[in-house]
Amino acid sequence: SVEEIRVLNEGPNLGHVPPLLCTLHSLRVLDLSGCSLTFIPWSFTGLKSLTDLAVARNMLPDINEVSELPLLTRLDASSNRIAALPPNFGQLGQLQTCNLMGNQLQELPHSFGDLASLRLLGLKSNRLNRLPDSFTRLTSLVELFITDNQLTELPAGFGGLASLVKLQASFNQLRRLPPDMLGLPRLELMRIAVCNVKALPEGLHDLSGARGQQGPAAAIPATPASAPTTGHWPRLAWLSLGGNPACAPLLAPRPGLRSISLQDLQLHDKLGDGAS
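(A) Geometry of the overall build of the protein. On a plain count of helices and strands, the protein comes out with 0 helices and 11 strands. Tracing the protein from N to C terminus, the helices and strands come up as β-β-β-β-β-β-β-β-β-β-β. Carbon and sulfur atoms form 52% of the exposed surface of the protein, whose accessible area is close to 13,500 Å².

And the structure:
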């Protein structure tokens, strides 16, 4: 019996899911990335043993059939044309890793909060304008990537994501941050730069030695000397809130600090790109 198939970057040479493939009921791992797929046939739902599915870099408008794969633990459907998820997507109770970056999602179904095993969620570069209220039930979530969307707020109860370690949410339209997010006990990295945050939660200003110096106006390493003095975020190692209106008062020049113009800098080789 066949348990793993990887058909990578076949482009126009494939173009569809072969019917024979959907009869391999013992298949556990399937990678059809970059195969110019435009739809997933309903017969695909017969692959009940599938635990790892990659259909990235195709032209899929939806992945409705995927919600019928009860044992799925890893899904990569990034870089497609997915505009919506099926209402029953939350029945994927075993799903731990879900990569939906680079699609056209505007919202998530209410059932999304039922993904009790989800640990890593990638929603970067979509068109999301809100997250469902049920999102705060994802208490196993460790890493969340929602950079480059159109979110105007995070749902009430966001601080209930007690397992969250990494939050990447820059380049949105967030107007404020929910006060309860200060209670995230395991948070180590948070990037909410270049949004529209006009006021910071009470307590976030209290960065030891940061007022008028580093502060949350830029990307700063939160070493023990600059960690919040209120006891919030005891594990925080990196905080980036630059480019928000709330940070403008913190940008006043520090007395005695020499100003360097961009024109005085000479750029050489590019070292890399940001990871958020």
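(B) Structural context of the environment of L47. Among the secondary structure elements, L47 is positioned in the loop between β2 (29-31) and β3 (52-54). If we skip the residues at most four places from it in the chain, L47 touches L21, C22, L24, L30 and L69.

(C) Local environment of the nonpolar core. Among the nonpolar cores identified, the biggest contains 69 residues, and I63, F135 and L167 are the most heavily contacted of them. Once residues lying within four places of it in the same chain are set aside, the contact partners of F135 are L108, F112, L121, L141, L144, P155, F158 and L161.

(D) Seen up close, a nonpolar patch on the surface. A surface patch of nonpolar side chains, about 330 Å² in accessible area, is lined by I260, L262 and L265. Residue position: L262 is located in the segment after β11 (238-240). With relative accessibility at 64%, the residue L262 sits in the exposed group.

(E) Geometry of unusual backbone geometry. Look at R57: it is not a glycine, yet its phi comes out positive at around 55°. Counting through the fold element by element, R57 comes out in the loop between β3 and β4 (74-76). Assessed through its relative accessible area of 45%, R57 is described here as partly exposed. The backbone phi angle of S125 is positive, close to 60°, even though this residue is not glycine. Taking relative accessible area as the criterion, S125 reaches 26% and is therefore assigned partly exposed.

(F) How the structure looks around the packing of aromatic side chains. Summed over all chains, the structure comprises 2 aromatic pairs. An angle of 5° between the planes, with centres 5.9 Å apart, marks the rings of F89 and F112 as stacked. Note that F89 is positioned in the loop between β4 and β5 (97-99) and F112 in the loop between β5 and β6 (120-122), a separation of 23 residues in sequence. Considered together, F89 and F112 belong to a single accessibility category, that of buried residues. Look at F112 and F135: their rings are 6.3 Å apart centre to centre, the planes differ by 5°, and that puts the pair in the stacked class.

(G) Representation of the side chain of S78. Tracing the backbone shows S78 in the loop between β4 and β5. Reaching out from S78, the side chain makes a polar contact with the side chain of D76 at a distance of 2.8 Å. If near-sequence neighbours (up to four positions away) are discounted, S78 is found in contact with A56, R57, N99, L100, M101 and N103.

(H) Spotlight on the pattern of salt bridges. Summed over the entire model, instances satisfying the criterion amount to 5 salt bridges. As a salt-bridge pair, R6 and E4 come within 2.7 Å of each other at their nearest N and O atoms. R74 serves as the salt-bridge partner of D52, at 2.9 Å between the closest nitrogen and oxygen. Placement of D52 in strand β3 and of R74 in strand β4 is noted, with a sequence separation of 22 residues between them. By relative accessible area, D52 is classed as buried at 18%. Among the charged side chains, a salt-bridge network with shared partners connects E4, R6 and D31.

(I) Spotlight on the environment of A56. The topology assignment puts A56 in the loop between β3 and β4. Setting aside anything within four residues of it in sequence, one finds A56 in contact with L32, S33, G34, D76, A77, S78 and N80.

(J) The arrangement of the environment of S67 in detail. Tracing the chain through its elements places S67 in the loop between β3 and β4. S67 sits in the buried class, given a relative accessible area of 2%.

About the cut-offs
- Residues numbered from 1 in each chain as written.
- Predicted model: local features only at pLDDT ≥ 70, side-chain atom pairs only at ≥ 80, totals over all residues.
- Heavy atoms only, no water.
- Helix = DSSP H or I, 4+ residues; strand = E, 2+ residues; numbered from the N terminus.
- Areas by Shrake-Rupley, 256 points an atom, 1.4 Å probe, with all protein chains shown as cover.
- Contact = heavy atoms within 4.5 Å.
- Core = buried A, V, L, I, M, F, W, Y, C linked by side-chain atoms within 4.5 Å.
- Buried < 20%, exposed > 50% of the residue type's maximum accessible area, 1.4 Å probe, protein only.
- Patch = residues over 30% accessible without salt bridge, like charges linked within 9 Å, V, L, I, M, F, W, Y side chains within 5 Å.
- Salt bridge = Lys/Arg side-chain N within 4 Å of Asp/Glu carboxyl O.
- Phe/Tyr/Trp six-rings, centres within 6.5 Å; stacked < 30°, edge-to-face > 60°.
- Polar contact = N/O pair within 3.5 Å; in protein donor to acceptor, adjacent residues only side chain to side chain.

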